[in-house]
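Geometric and topological summary
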Amino acid sequence: MTFQTDRVGFVTNGTAEADAAAARLRERYGDVPVDEASVVVALGGDGLMLQSLHQAMGRNVPVYGMNFGSVGFLMNVFSEDHLAERLAAAQATRIYPLSMTVLSTSGVTQMALALNEVSLFRSTYQAAKIQIVVDGETRLDELICDGVLLSTPAGSTAYNLSAHGPILPIDAPLLALTPISPFRPRRWRGAILGNRAEVKFITREAAKRPVSAVADNVEFQNVLEVVIREDRDSGVTLLFDPGTSLEERVLTEQFRY
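Per an unreviewed UniProt entry, the recorded name for the chain is NAD kinase, and the organism is Devosia yakushimensis. If you open the UniProt record of the chain and go to Catalytic activity (unreviewed entry), you find "NAD(+) + ATP = ADP + NADP(+) + H(+)". Per its UniProt entry, the chain bears the Function (unreviewed entry) comment "Involved in the regulation of the intracellular balance of NAD and NADP, and is a key enzyme in the biosynthesis of NADP. Catalyzes specifically the phosphorylation on 2'-hydroxyl of the adenosine moiety of NAD to yield NADP."

Listed in full, the buried residues belonging to helix H5 (residues 246–253) are Leu246, Arg249 and Val250. Seen from one end, H5 has its buried residues packed into an arc of 95°, which puts them on one side. On the buried face of H5, the contacting elements are strand S4 (91–95) and strand S16 (236–240).

By convention here, two paired aromatic rings are described through the distance between centres and the angle between planes. Scanning the entire structure with this criterion turns up 2 aromatic pairs. Ring centres of Phe68 and Phe78 lie 4.8 Å apart, and the angle between their planes is 65°; this geometry places the pair in the edge-to-face category. Of this pair, Phe68 sits in the loop between strand S3 (63–67) and helix H3 (83–89) while Phe78 sits in the loop between S3 and H3, and the two are 10 residues apart along the sequence. The class for Phe78 is partly exposed, based on a relative accessible area of 25%. The lysine or arginine in question, Arg232, covers the ring of Tyr96, its NZ or CZ lying 3.8 Å from the ring centre.

One finds Met100, Val118, Leu120, Ile132, Phe201 and Val226 to be the most contacted residues of the largest nonpolar core, which totals 30 residues. If you tally residues by element for this core, the top one is strand S9 (residues 137–151), at 5 residues. Those residues within four positions of Ile132 in sequence are excluded, and the remaining contacts are Glu137, Thr138, Arg139, Leu140, Leu143, Val148, Leu177, Trp188, Lys200 and Phe201. Counting 24 residues, the second largest nonpolar core, distinct from the first, contains Leu48, Val61, Val63 and Leu74.

Rules behind the numbers
- Residues numbered from 1 in each chain as written.
- Predicted model: local features only at pLDDT ≥ 70, side-chain atom pairs only at ≥ 80, totals over all residues.
- Heavy atoms only, no water.
- UniProt positions renumbered as here; feature names shortened; annotations may be inferred.
- Buried < 20%, exposed > 50% of the residue type's maximum accessible area, 1.4 Å probe, protein only.
- Helix = DSSP H or I, 4+ residues; strand = E, 2+ residues; numbered from the N terminus.
- Arc of directions from axis to C-beta.
- Contact = heavy atoms within 4.5 Å.
- Phe/Tyr/Trp six-rings, centres within 6.5 Å; stacked < 30°, edge-to-face > 60°.
- Lys NZ or Arg CZ within 6 Å of the ring centre and 35° of its normal.
- Core = buried A, V, L, I, M, F, W, Y, C linked by side-chain atoms within 4.5 Å.

Right, dumping it as structure tokens:
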């Protein structure tokens, strides 16, 4: 992927440390508004990276992160030096979001995109009851649980992994379907689906057992049905220093213990 390394737009997570670093970088390398940049440099953590990627959708602008957060799985090591050279040498990874269409109990339809996962959660003390339909066929008539999620390969090392879901290779045409604290069927641990699959979650007893749906950081309450499919028209590009690509990070994560 080619782009102008002299048209950089900087964004931060708003911490004093990240803001101070951004000020020094702007002085050294210049700065353009993000909506005019050919590459965005994000100084923060994985949350800022997801936010920046969502803003870059549809603009074909890559995002290069430098870590000022906690985990920084999607970020590079911070350095003020040789930024143009690092950007020019960076390895690009293209990822695609999930499109979530939600029908609420009041009949309202809303949509959102998720780069990591779409999750359903119980909203009260009572367990959720969720029917799972894949490509028009009911695969699980009733999952009694705290929730359930559908993850992209990029998101498979995030909440999906914490819920004991599988890690997916970043370039695999797959999605991970993972229950969250399942009660019945107790031994069901989820499924791996092709990325062309359409997944529908149908909530049972929705008035008595309210459920919310979350696409990354967008949440909708009192959902009745949620339909999810991969959106191949809204891809985004992350940039990583050589030897630290997202593919390598996902592979390394599989051998941690």
